[in-house]
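# Reading the structure
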Amino acid sequence: MISVLIPVYNYDVIELVKTVHKQLELCGVTFEIKCLDDASGVEFQKQKHDIELLSYTSYDISKTNKGRIATRQQLAEVAAYEYLLFLDADVIPKKPTFIANYLNHINANYDVIYGGFAYKKEQPEEALRLRWTYGKNNEEMPASKRNEFPYKIVISGNFLIKKSVFIDTNSKINYEGYGFDNYFGALLKINTINVFHIDNEVYHLGIESSDTYLKKKEKAALTLIQLHNNDDIAKHDNHLLKLFITLKRYKLNYLASLFYKLWHSYMKKNLLGSNPSVKVLQAYRISFMCYKDLNS
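Notes on the structure in this doc start here. (Residues numbered from 1 in each chain as written. Predicted model: local features only at pLDDT ≥ 70, side-chain atom pairs only at ≥ 80, totals over all residues. Heavy atoms only, no water.)

### Brief notes about the sheet that holds strand E9 (residues 195–197)
This is how it is decided: Strand pairing requires that DSSP identify at least two bridges connecting the strands. Secondary structure follows DSSP: runs of H or I at least 4 residues long count as helices, runs of E at least 2 residues long count as strands, and numbering of each begins at the N terminus. To obtain each axis, a line is fitted to C-alpha atoms, and for helices this fit is confined to the stretch in contact; angles are then taken between N-to-C directions over 0 to 180 degrees. The criterion used for residue contact is that any of the two residues' heavy atoms lie within 4.5 Å.
Strand order in this open sheet of 7 strands is E3-E2-E1-E4-E8-E6-E9, and the pairing throughout is mixed. Two strands bound the open sheet, and with one partner strand each, they are strand E3 (57–61) and E9. The sheet shows a mean angle of 20° between the axes of neighbouring strands, direction not considered. Relative to strand E4 (residues 83–87), strand E1 (residues 2–8) runs parallel, the two being bridged by 4 bridges. Bridge assignment links Ser3 to a residue of E4, and that residue is Leu84. Its contacts with the sheet put helix H1 (residues 14–27) on E1, strand E2 (31–37), E3 and E4, and the angle it makes with E2 is roughly 165°. Here helix H9 (residues 181–190) sits on the sheet and contacts strand E6 (112–114), strand E8 (158–162) and E9; the angle it forms with E6, its principal contact strand, is near 140°.

Right, here's the structure in full:
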């Protein structure tokens, strides 16, 4: 009935797999859990033994690193069942009814169901604060708000999707890099795939350092520029890209680029500090996009 698919790279997923496995057994449904390790370090590959002690559960290891897109595609292609539940390695279900909540919607007229992300209330150490702050403000959002723009907040770390829909949509992503959740959401919109959001969050546990996260946001911005310039993302709900296009239309991108050139070091100081501002991050991202677009 349902295949739970977990791409793994240098992360301990034993607790996640055991938690999901227990919930699946309690629901009494036909299931499988498939983990695909994308050539992690040897210390993480050792978890294969403990995970495969569980029934209907496998942990395969790739010989070479293939990246998130290819790993997800491989998992989907070997999945036995029609419904695929994708979970990132660094999450844990928020509710003991996590699996049951998805199963309650499985026969509804939806092709994709997103459960959402949540973050612990306790503020992490200073070095991790940017990722936590952004997640709290921009990703931890009730389903009622997410359904207003169903193709906008499409976080790949927690969603249920029909196998045929995923394979067809994911196979159209011919890029490698960071930030392709935006593209996946755009492809769902372009193909009028029926998307629905529910309040069925997972806690995001693997919060990276502020410096690492800021670099990822820069890569995601470059990805948006590439997709836009190649006309691959004509229909979308991405507000950052909409702003970028508007600034270019009215030649205001030159001012935004100058703003980045003059102020990026000051913005970066805030973002890597103890009290990062989401508004500063948004200003950094859009000015960075304009600067890179004009100077690449």
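Still more ground to cover, so stick around.
### Details of helix H13 (residues 278–294)
Under the convention used in this document: Each residue after the first adds 1.5 Å to the expected span of a helix. Burial classes: relative accessible area under 20% of the type maximum marks a residue as buried, over 50% as exposed, and values in between as partly exposed (1.4 Å probe, protein chains only). Polar contacts, as used here, are pairs of N or O atoms within 3.5 Å; protein pairs need one atom able to donate a hydrogen and one able to accept it. Residues neighboring in sequence count only if both atoms are side-chain atoms.
A rise of 1.5 Å per residue sets the reference length of H13, with its 17 residues, at 24 Å; its end C-alpha atoms lie 24 Å apart and thus fit the reference within 8%. Looking only at H13, the buried set comprises Val278, Leu281, Tyr284, Arg285, Ile286, Ser287, Phe288, Met289, Cys290 and Asp293. Between a side-chain oxygen at the N-terminus of H13 and the backbone nitrogen of Lys279 the separation is 3.2 Å; the capping residue is Ser277.

### Quick notes on the sheet that holds strand E5 (residues 91–93)
Strand order across the open sheet formed by 3 strands is E5-E10-E7, with mixed pairing between neighbours. Of all strands in the sheet, those bounded by a partner on one side alone are E5 and strand E7 (117–118). The sheet contact formed by E5 and strand E10 (residues 202–204) spans 3 bridges and is antiparallel. Bridge assignment links Ile92 to a residue of E10, and that residue is Tyr203.

### Observations concerning the environment of Tyr266
Structurally, the position occupied by Tyr266 is in helix H12 (residues 253–271). On a C-alpha basis, the gap between Tyr266 and Val280 in space is 9.8 Å, while along the polypeptide they are 14 residues apart.

### What to know about helix H11 (residues 239–249)
Here is the rule we go by: Each C-beta atom gives one direction from the helix axis, and the arc is the one those directions make.
Of the positions making up H11, those classed as buried are Leu240, Leu241, Phe244 and Leu247. The arc enclosing the buried residues of H11, seen along the axis, measures out at 120°, which places them on a common side. The secondary structure elements touched by the buried residues of H11 are helix H10 (210–229), H12 and H13. For H11, the N-terminal cap is Asn238; the gap from its side-chain oxygen to the backbone nitrogen of Leu240 is 3.1 Å. Remark: Lys251 follows H11 within two positions and exhibits a positive phi of approximately 60°.

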